[in-house]
Amino acid sequence: MPMSLVVRGTSSTDKHLPLLLLLHSHSHSRIRFLKPSSSFLPNSSFPPTNLTLLSGRNNFATRLQSLSYKSKSLLSVEPMDSSKEFPELSRNLYPEVEPYSTGFLNVSDLHTIYWEQSGNPNGYPVVFLHGGPGGGTSPNNRRFFDPKFYRIILFDQRGAGKSTPHACLVENTTWDLVDDIEKLREHLQIPEWQVFGGSWGSTLALAYSQSHPEKVTGLVLRGIFLLRKKEIDWFYEGGAAAIFPDAWEPFRDLIPEDERGCFIKAYHKRLNSEDVEIQYAAARAWTKWEMMTAHLLPNEENIKRGDDDAFSLAFARIENHYFVNKGFFPADSFLLDNIEKIRHIKTTIVQGRYDVCCPMMSAWDLHKAWPEAELIVVPNAGHSANEPGISAELVAANEKLKNLLMGSLA
């Protein structure tokens, strides 16, 4: 089967950074060396060499069939000449932009979700699915997209951000959120759109696209989270503690020793306590554990989010609620089992090599099940979309879809 694997590497001349060996079984694979860029490294004194391994180029146009914007054709996608190289893609975040419209949508008798639109009102629609669940959106999320080309839609999922009721767990499941995305699409009168999601956002993007593949023209996924038991156990039951023991101990010590057999259940008890102070204490500990592990290098601004009780309560309560309920999926491998429904959709997966929150095993498992999707591994990054290497590749992935839509690679 055709596979596309891209590894953004570092210079082999630095004794602290070992040479990356790329192995690929496809007989037509080739390695292409790209222009080095220091922007991918936290420490710019180590300029990287970018290694690209590509194959299956002759099947590329076939995999783009779902990108045609049928209902309101702004652009056309034509077959790509496999003899042409990809043009140099922008990897810089776009300048800050303000929404041109905002609103609240009643998605049930209980829940109302906040939404906003920015960029080009007549542009190609893209919806941003935030992480957590419970993380909410932020203005910086708009910067991954060219505001002259894209109609950028952000929304806060149930109970998160500006959506109400805050931190509410009632009627709050994966399938409720999938329905909400469809209700928002219909409310905004969008026939189909590109979908962008990272961390839990990648989980929701996969669930949504598998439920409504005809509405999705392209996917950009980051920090893959398939919500399997082994992923939950890794992060919340002691696996990641081997890498961040200092961050783990406050998270662990909030729970009495006799309840440490399952931290997810122990925190669930406290996050749903009738005592609000117990809820807040548990929420702060839960949130700080994730914030302290989300970057390859410590990010104090991110860690401080754990001190925001309003943010922490929604983030911790909703995350824990979904994890206790196994994502509301009928099987542990549900998302992998249903890849066939979305195999045709042009997709880029961006994964930090040292992602502790969502380890690379999940991105690798997804790529093996879905070799048509391009996997980009950033070797000098962790989990956060705001790390330089990750954000650069996310922008580039959107730029690639934009160029394909514009027919610039024809």
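To be clear, the structure that these remarks concern was listed above.
A quick note: this is a predicted structure, and the numbers were derived from the prediction, not measured.

Undergrad: Is there a simple way to explain the nonpolar core in this structure?
TA: Nonpolar side chains in soluble globular proteins generally cluster together in the buried interior. Core analysis: the largest hydrophobic core is formed by 80 residues, its most contacted members being Val195, Tyr236, Tyr267, Trp286, Trp289, Phe323 and Trp370. In terms of residues, this core owes the most to one element, helix H8 (residues 309–324), which gives eight residues. Setting aside residues up to four positions removed in sequence, Tyr236 forms contacts with Trp248, Phe251, Phe263, Ile264, Trp286, Trp289, Glu290, Glu319 and Phe323. Core analysis: the second largest hydrophobic core is formed by 22 residues, Phe144, Phe145, Phe149 and Ala397 among them.

Undergrad: What should I look at first to understand a nonpolar patch on the surface in this one?
TA: The grouping of Leu296, Leu297 and Tyr354 at the surface amounts to a nonpolar patch, some 290 Å² of accessible area in total. In this fold, Leu296 is placed in the loop between helix H6 (276–293) and helix H7 (300–303).

Undergrad: Teacher, can you tell me more about H6 here?
TA: For an α-helix, 3.6 residues make a turn, and residues three or four places apart therefore share a direction. Taking 1.5 Å as the rise per residue, H6 with 18 residues should run 26 Å; its terminal C-alpha atoms sit 26 Å apart, in good agreement. Within the span of H6, buried status applies to Gln279, Ala282, Ala283, Ala285, Trp286, Thr287, Trp289, Glu290, Met291 and Thr293. Turning to H6, the residues buried within the fold contact helix H3 (229–236), helix H4 (245–253), helix H5 (263–271), H7 and H8. Of the residues flanking the start of H6, the one acting as N-cap is Asp275, its side-chain oxygen 2.9 Å from the backbone nitrogen of Glu277.

Undergrad: For this particular structure, what's the right way to read empty space enclosed by the protein?
TA: Summary: where empty space remains is shown by rolling a probe the size of a single water molecule over the atoms. Tallied over the full model, the rule gives two cavities of 30 Å³ or more. Counted as a void, the largest cavity has a volume near 100 Å³. Of all the secondary structure elements, the ones that give two or more residues to the lining of the largest cavity are H3 and H8. Per element, the largest residue contribution to the lining of the largest cavity is four residues, and it comes from H3. The class makeup of the residues in the lining of the largest cavity is seven nonpolar, three polar and three charged.

Undergrad: Sorry, what's going on with the layout of surface pockets here?
TA: Computed from the structure, the largest pocket encloses a volume of approximately 710 Å³. Taken together, 31 residues line the largest pocket, and the ones lying closest to its centre are Asn141, Asn302, Arg305, Ser384 and Asn386. For the lining of the largest pocket, the secondary structure elements donating two or more residues are strand E6 (124–129), strand E8 (193–198), H6, H7 and H8. For the lining of the largest pocket, the element with the most residues is E8, which contributes three residues. Its residues assigned to classes, the lining of the largest pocket shows nine nonpolar, 18 polar and four charged.

Undergrad: Can you walk me through the side chain of Ser163 in this structure?
TA: On the secondary structure map, Ser163 appears in the loop between strand E7 (150–155) and helix H1 (174–187). Residue classification places Ser163 among the buried residues on the basis of a relative accessible area of 1%. A distance of 3.0 Å separates a polar side-chain atom of Ser163 from the backbone nitrogen of Tyr114. Setting aside residues no more than four positions away along its own chain, Ser163 makes contact with Thr112, Ile113, Tyr114, Asp156 and Gln157.

Undergrad: Help me out: how do you make sense of helix H2 (residues 200–211) in this one?
TA: Over its 12 residues, H2 extends 17 Å from the first C-alpha to the last, a length consistent with the 16 Å expected when each residue adds 1.5 Å. Of all 12 residues in H2, 11 are buried, a share of seventy percent or more. Taken as a whole, H2 has its buried residues at Trp200, Gly201, Ser202, Thr203, Leu204, Ala205, Leu206, Ala207, Tyr208, Ser209 and Gln210.

Undergrad: Got a minute to help me understand the packing of H1 against H2 in this structure?
TA: Two packed helices can be described by the angle between their axes and the distance between those axes. Interhelical geometry of H1 versus H2 gives an angle of 70 degrees and a closest axis separation of 10 Å. Taken together, the axes of H1 and H2 lie roughly perpendicular to each other. Crossing of H1 against H2: the hand is right-handed. The segment H1 lies against H2, with Thr174, Trp175, Leu177, Val178, Ile181, Glu182 and Arg185 engaging Trp200, Leu204, Ala207, Tyr208 and Ser211.

Quick notes on the rules
- Residues numbered from 1 in each chain as written.
- Predicted model: local features only at pLDDT ≥ 70, side-chain atom pairs only at ≥ 80, totals over all residues.
- Heavy atoms only, no water.
- Core = buried A, V, L, I, M, F, W, Y, C linked by side-chain atoms within 4.5 Å.
- Buried < 20%, exposed > 50% of the residue type's maximum accessible area, 1.4 Å probe, protein only.
- Helix = DSSP H or I, 4+ residues; strand = E, 2+ residues; numbered from the N terminus.
- Contact = heavy atoms within 4.5 Å.
- Patch = residues over 30% accessible without salt bridge, like charges linked within 9 Å, V, L, I, M, F, W, Y side chains within 5 Å.
- Areas by Shrake-Rupley, 256 points an atom, 1.4 Å probe, with all protein chains shown as cover.
- Salt bridge = Lys/Arg side-chain N within 4 Å of Asp/Glu carboxyl O.
- Expected span 1.5 Å × (residues − 1).
- Polar contact = N/O pair within 3.5 Å; in protein donor to acceptor, adjacent residues only side chain to side chain.
- 1 Å grid on protein atoms, 1.4 Å probe; cavity = no way out; pocket = protein on both sides within 12 Å on 5 of 7 lines; lining within 4 Å.
- Points joined across faces, edges and corners; volume = space filled by probe spheres on them.
- Nonpolar A, V, L, I, M, F, W, Y, C, P; charged D, E, K, R; others polar.
- Axes fitted to C-alpha atoms, helices over the stretch in contact; angles between N-to-C directions.
- Parallel < 35°, antiparallel > 145°, perpendicular 65-115°, else oblique.
- Left-handed = near helix turned anticlockwise from the far one by under 90°.

Keep in mind these values describe shape, not function.
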